[in-house]
Amino acid sequence: MKYTASRAFVALLFLWTLTGSCFGAVDYDQLFRQSSDLMAQGDLDGALALLKQVPAPAADEEAGAFVSSRMQAGRILASQNETVKAIAVCQEVLKLFPDNSEARNFLAALKDQLKPGWHTVLSDVVRFLPSLARGAVMTLMLVLCTMLVSPLGGLLIALGRISTLRPVSGVCWFIIWFFRGTPLLLQLFFIYYGLPSLGITLSPFTSAVIGLGLNYSAYLGEIIRGAIQSIDHGQMEAAKAIGMSYSQAMRRIIVPQTYKRLMPPVGNEFIALIKDTALVSTIAMVELMRAADQLFNAYFNITALALAAVIYLVLTTIFTFIFEKIEYRAGIYEHR
Amino acid sequence: MNIASHPLLKLENITKRFKSLTAVNGVNLEVSHGEKLVIIGPSGSGKSTLLRSINLLEEIEEGTIHFEGREVGYVMRNAKRHPDRPQAISALRAEIGMVFQHFHLFPHMTVLGNVMEGPLTVLRKSADEARSIATDMLVKVGLSDKRDVFPATLSGGQKQRVAIARALAMRPKLMLFDEPTSALDPELVGEVFDTIHTLADEGMTMIIVTHHMGFARELADRVIFMESGNFLAQGTPEELFSAAQDNDRIRGFLNRLL
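Asks: I'd like a rundown of the overall build of chain A, residues and numbers included.
Replies: Broken down by element type, chain A carries 13 helices and 0 strands. Ordering the α and β elements of chain A from the N terminus gives α-α-α-α-α-α-α-α-α-α-α-α-α. Evaluated residue by residue, chain A yields a buried proportion of 43% over its 336 residues. Put simply, 67% of the contacts in chain A that link residues at least 6 apart link residues at least 24 apart. Put simply, chain A shows about 18200 Å² of open surface, and 65% of that area lies on carbon and sulfur atoms.

What follows is the structure, encoded as structure tokens:
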């Protein structure tokens, strides 16, 4: 609908310029008429091709046909949102006829049309940044709380899994099985929307930290268990041989040696965590993803989403860098 | 002058089975204070398993262990044998030093940290005390200049000497050496050898499992030849080597080594 209307408008424009500016261009009357027919049929590209056949005039030649053909092409291009090409056409005219006021005005209008694009993006960024920053702070809080809780939970689960006490290892197995085996989104829903029916009502933030914490504890539990079991058995024997208890050996000898091995997979998990916090937007938490979504819906403007993507990237990049540093430090004793 | 009337270590009828394999088959052994005992024998003869049974790194199926006259390691409950409480087992291990074939130094601790670890964590000494004990031990094994490096930078021989210092820092009454030179390049054996020799000269009671006959000859008060979980022969080095003339198995084994 819109498209046909704009085409009709361009056709009218064309007719108007045709009558107004082709007095002396007798040679090209036929050509203008053809292109006008093509436009009426909707073949804008065909019309453009015809108009471009009008050559640049020699020094002493009449300029009317050339100028009006190019200006007409410029209007067609502008109607197709080909602003840059339209500008090029105007400049072609101005190169030969620097004083042509029609071309000059048109060029100015076209350039105006281009400028607001950047202005809009910039002003959008400025407008969206505060609420996105607030969302990012909330995301960061969630990430930090989960990063505090889940390694401890993971270590407990890992030690429990290794334990020779059947009930303990059974419970830990179950936790891993359940939280790795169901979607995080479902767990969050259960904690936030489901627990109130059991009489436990939690704030969105608490629910989010519990959900993310349990989920990531389960994953880290398996990673830590693997790391502990990858330490040479001789280390445990050597610790026992000097009289250490199991817990002393774990605390002083085994677990500290897992740090370096843990960093790459744990870093991975925490990068995933930064992005997984986006799921929390479904339980009434306004974090980065939710903030971006709200802006997008309010303004129907993808700048908000792009900006959120940039903030996520900044966060993940910072964390990646930090984890690399920690990994290097944790393994310093291996450097010869 | 408490030279006890009983031996430092007394093993009776020690039996260890791995599934269908009997690794140690009803062995009896007494080790007196200050004795240097060397156990030799082919691979898989149960030497290491026997050694590891002494400080309870292996749980034995039958037999009793007496250390300084008291029975250790196992208790009877409901007419069934169970391992003793973990604390009691750890306490016994604290009195018995062990040196492993592959050193098993703690890679995340410096040399000094390795040797301090026992006094600090197990004996609950202060950091200063533990450091001074550890420094003494490193001097004894000749590695005080390496105190602040990590084990990864040491040669095999140096690692093993640190491992000996780590065991000594607990002031053990008995030292167990489980093939202490088997993982070393030949040119590094000597330094570990010398360190053990120094200990022996100081009167340390020790049991050494080794393939190194020179060791046995030079150091041992008594040599035991073990095969298939049994003691095939024992005596002073001279006695054993002369007994070898009459015993094909022992002679075959020794000929292959010498």
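Asks: Go over the domain arrangement of chain A, please, and point to the residues and values.
Replies: For chain A, the assigned domains read domain 1 (2–99) and domain 2 (127–334). In this structure, domain 1 of chain A and domain 2 of chain A have C-alpha centres spaced 64 Å apart.

Asks: With reference to specific residues and values, describe the layout of surface pockets.
Replies: In this model, the largest pocket occupies a volume close to 760 Å³. Its residues assigned to classes, the lining of the largest pocket comprises 13 nonpolar, 7 polar and 5 charged.

Asks: Describe the pairing of strand S7 (residues 80–83) of chain B, listing the residues and the values that go with them.
Replies: All names here are of chain B. Here strand S6 (residues 74–77) runs beside S7; their pairing, made up of 4 bridges, is antiparallel. By the bridge assignment, valine 75 is partnered in S7 with histidine 82. Between S6 and S7, which pair antiparallel one after the other, the connecting turn spans 2 residues, and asparagine 78 there sits at a positive phi close to 50°.

Asks: Quick rundown of the packing of helix H2 (residues 29–41) of chain A against helix H3 (residues 44–52) of chain A? Include the residues and the values.
Replies: Residue and element names in this part refer to chain A. Taken N-terminus to C-terminus, the directions of H2 and H3 make an angle of 165°; their axes are 7 Å apart at the nearest point. As summarised for this structure, H2 and H3 are arranged roughly antiparallel, according to the angle between their axes. Judged by the sense of rotation from one axis to the other, the crossing of H2 with H3 is left-handed. On the side of H2, the interface is formed by Leu31, Phe32, Gln34, Ser35, Leu38 and Met39, while H3 contributes Leu44, Gly46, Ala47, Leu50 and Leu51.

Asks: Give me the sheet that holds strand S5 (residues 70–72) of chain B: which residues, what numbers.
Replies: All names here are of chain B. Strand order in the open sheet formed by 4 strands is S2-S1-S4-S5, with antiparallel pairing between adjacent strands. Looking at the sheet topology across the chains shown, the edges are occupied by strand S2 (21–31) and S5. Each adjacent strand pair in this sheet contributes to an overall mean axis angle of 30°, direction not counted. Relative to S2, strand S1 (residues 9–18) runs antiparallel, the two being bridged by 8 bridges. Across the sheet, lysine 10 pairs through a bridge with glutamate 30, a residue of S2. In the packing of helix H1 (residues 47–54) onto the sheet, contacts are made with S1, S2 and strand S4 (62–67), and the angle to S1 comes to roughly 120°.

Reading guide: rules and limits
Residues numbered from 1 in each chain as written. Chains lettered and ligands numbered in written order. Predicted model: local features only at pLDDT ≥ 70, side-chain atom pairs only at ≥ 80, totals over all residues. Heavy atoms only, no water. Helix = DSSP H or I, 4+ residues; strand = E, 2+ residues; numbered from the N terminus. Buried < 20%, exposed > 50% of the residue type's maximum accessible area, 1.4 Å probe, protein only. Contact = heavy atoms within 4.5 Å. Areas by Shrake-Rupley, 256 points an atom, 1.4 Å probe, with all protein chains shown as cover. Domains from an automatic or database assignment. 1 Å grid on protein atoms, 1.4 Å probe; cavity = no way out; pocket = protein on both sides within 12 Å on 5 of 7 lines; lining within 4 Å. Points joined across faces, edges and corners; volume = space filled by probe spheres on them. Nonpolar A, V, L, I, M, F, W, Y, C, P; charged D, E, K, R; others polar. Pairing = 2+ DSSP bridges. Axes fitted to C-alpha atoms, helices over the stretch in contact; angles between N-to-C directions. Parallel < 35°, antiparallel > 145°, perpendicular 65-115°, else oblique. Left-handed = near helix turned anticlockwise from the far one by under 90°.

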